[in-house]
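Below are the chains, spelled out letter by letter.
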Amino acid sequence: MDGSQSNFRKVYADNAATTAVSPEVLGAMLPFYKEIYGNPSSLYALGQEAKAPLEEARATVAACLGAKPNEIYFTSCGTESDNWAIKGCARAQQKRSGKNHIITSAFEHHAVLHTCQALEREGFTVTYLDVHSNGIVDPKELEAAITDQTALVTIMYANNEIGTIQPIAEIGEVCKRHNIPFHTDAVQAIGNVHIDVKAQNIDMLSLSGHKIHAPKGVGALYIRAGLPVQTFMDGGAQERNKRGGTENVAAIAGLATAIRRATDSIDQRVARLTPMRDKLIEGILKIERSRLNGSQEHRLPGNASFCFQGIEGESLLLLLDMKGISASSGSACTSGSLDPSHVLLSIGLPHEVAHGSLRLSFGDYNTMEDVDYILEVVPQIIQRLRNMSPLWDAIQTGKVDYDRFM
Ligand SMILES: *Cc1c(COP(=O)(O)O)cnc(C)c1O
């Protein structure tokens, strides 16, 4: 491995965690840090100068989703959007009709899962739908889980860890037929799939700036006009009295620029990233006892998630970092927990296999050369780690056998 130092390059392959701010987005933000610093709620000219771009940004986000401007609310992040949508809608339903049942999936982002768990402590019951070995919710199983107490369905559009895309239009159709509000966390989906909230019967949709080359700390929530949703952040009259707090005009302008850029180029992005992803998958799966996590067909164009037998994901990440590659693993070691990812367990993997995971996620700044470099480095590192692994010895001598999960 050491001879490859001359090949050293930097590859950022963790775009599902966050993305670089694009120059165009930064350019759209800078005026609001310089001359247009007024508060959009102020009546004098300097304030009103900031008001028009705020409303323009709202119209842009709405147009990109097939929504109306008065259905878009700006928030501080995707997590806030998820919290607001789920708590605000569930509590409103409970107050109006006593309904207290929520349906979600087992592999949602923690922004959704932990929000549902918080509502369980308030007395709601939650059904966590199976996502099966392919990482996809079955709309028929969703329909079977609906009761006369169901207040809300929340199913993510695309999974952040294994990249699988859910049948959102079918799920929306089921919810509409049963007259149940439907929320989707579309943070990973924006820019990768064509979204039309009306055609797909989506009642609420969360998005976040920093997954689409806008800055961290800004998000948006679409709420269908007329859907009762309680206010989440009490305060001033901003966001039509629904979400207090002086608007982060610069970040909102950046978000609007990013979503316009992301949705205008969906087809080009899919056409560019898919061959990179597929070459990566083909190359990585040549490594013995490796697997792709989740459906290959219904997956984000820039996402590839793998497990390797006999490997610790954390060690793999550290060695990749030493080779200039930023990637991520499913296990939540950084949070001080050795539990493997709930997403990998939800698709039926045992702990031992889930621990050996690697997620590589591409964005607008990755190239085919990045793929080639990853394919050069990863097999060497896997070999090196396996050479030191007692588990790999046990696997090779047949003392333990995980091949049925591969
Ligand atoms: C990143 C992410 C979030 C959280 O968004 P933040 O803006 O970081 O709070 C929520 N859901 C999914 C699917 C994500 O990938």
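Owing to the predicted nature of the structure, the values given are computational and were not obtained by experimental measurement. (Residues numbered from 1 in each chain as written. Predicted model: local features only at pLDDT ≥ 70, side-chain atom pairs only at ≥ 80, totals over all residues. Heavy atoms only, no water.)

Colleague: How do you make sense of the overall build of the protein when you look at a structure like this?
Modeller: Helix and strand counts for the protein come out as 14 helices and 12 strands. Over its C-alpha trace the protein gives a radius of gyration of 22 Å, about what one expects of a compact globule, namely 22 Å for 406 residues. With the C-alpha coordinates aligned to their principal axes, the bounding extent of the protein is approximately 70 × 55 × 35 Å. Counting every position in the protein, which comprises 406 residues, the buried fraction comes to 57%. Put simply, of all contacts in the protein between residues at least 6 apart along the chain, 73% involve residues at least 24 apart. Here the protein contributes 38 positively and 46 negatively charged side chains, and the mean placements of these two sets differ by 3 Å. (Helix = DSSP H or I, 4+ residues; strand = E, 2+ residues; numbered from the N terminus. Rg over C-alpha atoms; globule rule 2.2 N^0.38 Å. Buried < 20%, exposed > 50% of the residue type's maximum accessible area, 1.4 Å probe, protein only. Contact = heavy atoms within 4.5 Å. Lys, Arg positive; Asp, Glu negative; His and termini not counted. Charge placed at Lys NZ, Arg CZ, Asp CG, Glu CD.)

Colleague: I keep staring at the packing of aromatic side chains and nothing clicks. Help me out?
Modeller: In this description, a pair of aromatic rings is defined by centroid distance and the angle of the planes. Counted by the stated rule, this structure contains two aromatic pairs. Between Y73 and W84 the ring centres are 5.3 Å apart and the planes differ by 70°, which places this aromatic pair in the edge-to-face class. One end of the pair, Y73, is in strand β2 (residues 72–75); the other, W84, is in helix α3 (residues 78–97), and 11 residues separate them in sequence. According to the relative accessible area criterion, Y73 is buried, its value standing at 8%. You can call W84 buried: its relative accessible area is 0%. Cation over ring: R386 sits above W392, and NZ or CZ is 3.8 Å from the ring centre. (Phe/Tyr/Trp six-rings, centres within 6.5 Å; stacked < 30°, edge-to-face > 60°. Lys NZ or Arg CZ within 6 Å of the ring centre and 35° of its normal.)

Colleague: Where do I start with the layout of surface pockets in this structure?
Modeller: Empty pockets left among the atoms are what a rolling probe the size of a water molecule brings to light. Approximately 330 Å³ is the volume found for the second largest pocket. Every residue lining the second largest pocket is counted, 19 residues in all, and those nearest its centre are N179, P181, D203, R224 and L227. Of all the secondary structure elements, the ones that give two or more residues to the lining of the second largest pocket are α3 and α6 (168–177). Per-class residue counts for the lining of the second largest pocket are eight nonpolar, five polar and six charged. (1 Å grid on protein atoms, 1.4 Å probe; cavity = no way out; pocket = protein on both sides within 12 Å on 5 of 7 lines; lining within 4 Å. Points joined across faces, edges and corners; volume = space filled by probe spheres on them. Nonpolar A, V, L, I, M, F, W, Y, C, P; charged D, E, K, R; others polar.)

Colleague: Explanation requested: the pattern of salt bridges in the structure shown.
Modeller: Between side chains of opposite charge, a pair can form when the charged atoms approach closely. In the structure shown here, the tally under the stated rule is 19 salt bridges. Among the salt bridges present, the one from R58 reaches E239, with a minimum N-O distance of 2.8 Å. Taken together, the positions of R58 in helix α2 (residues 45–65) and E239 in helix α7 (residues 238–241) put the pair 181 residues apart, joining distant regions of the chain. As far as burial versus exposure is concerned, R58 and E239 are alike and both buried. A cluster of three or more residues bridged by salt bridges with shared partners is formed by E24, R261, R269 and D364. (Salt bridge = Lys/Arg side-chain N within 4 Å of Asp/Glu carboxyl O.)

Colleague: Please explain the side chain of S208 as it appears in this structure.
Modeller: Structurally, S208 can be placed in strand β7 (residues 204–208). Not counting residues up to four positions away in its chain, the partners in contact with S208 are G78, V187, V218, G219 and L255.

Colleague: Sorry if this is basic, but what is going on with the environment of M233 here?
Modeller: With respect to the element layout, M233 can be found in the loop between β8 (219–223) and α7. On the accessibility criterion, M233 (35% relative accessible area) is partly exposed. Sequence separation between M233 and W84 is 149 residues, and the spatial gap between their C-alpha atoms is 8.3 Å. Beyond its immediate sequence surroundings of up to four residues, M233 is in contact with K242, R243 and G244.

Colleague: I tried to follow the site of the ligand on my own but got confused; where do I start?
Modeller: In the vicinity of the ligand, 13 residues are found, and the nearest of them are T79, D185, Q188, S208 and K211. One nitrogen or oxygen atom from the side chain of H210 is found 2.8 Å from an oxygen atom belonging to the ligand. If the ligand stood free it would expose 380 Å²; the protein chains cover 90% of that surface. No other element matches the three residues that α3 contributes to the shell around the ligand. When grouped by side-chain class, the residues that make up the shell around the ligand number three nonpolar, seven polar and three charged. (Near = heavy atom within 4 Å. Polar contact = N/O pair within 3.5 Å; in protein donor to acceptor, adjacent residues only side chain to side chain. Areas by Shrake-Rupley, 256 points an atom, 1.4 Å probe, with all protein chains shown as cover.)

Colleague: How do you make sense of the pairing of strand β5 (residues 150–154) when you look at a structure like this?
Modeller: The side chains of a regular strand alternate between both faces of the sheet. The element β5 is largely enclosed, with a buried count of five among its five residues. Examined bridge by bridge, strand β3 (residues 101–105) and β5 share three bridges and lie parallel to one another. The partner of I103 across the bridge, within β5, is V153. Here β5 runs beside strand β6 (residues 182–185); their pairing, made up of two bridges, is parallel. Pairing of T154 across the sheet is with H183, part of β6. Following the backbone out of β5, through α6 and into the adjacent parallel β6, one traces a crossover that is right-handed. (Pairing = 2+ DSSP bridges. Right-handed = clockwise from strand over helix to strand, strands pointing away.)

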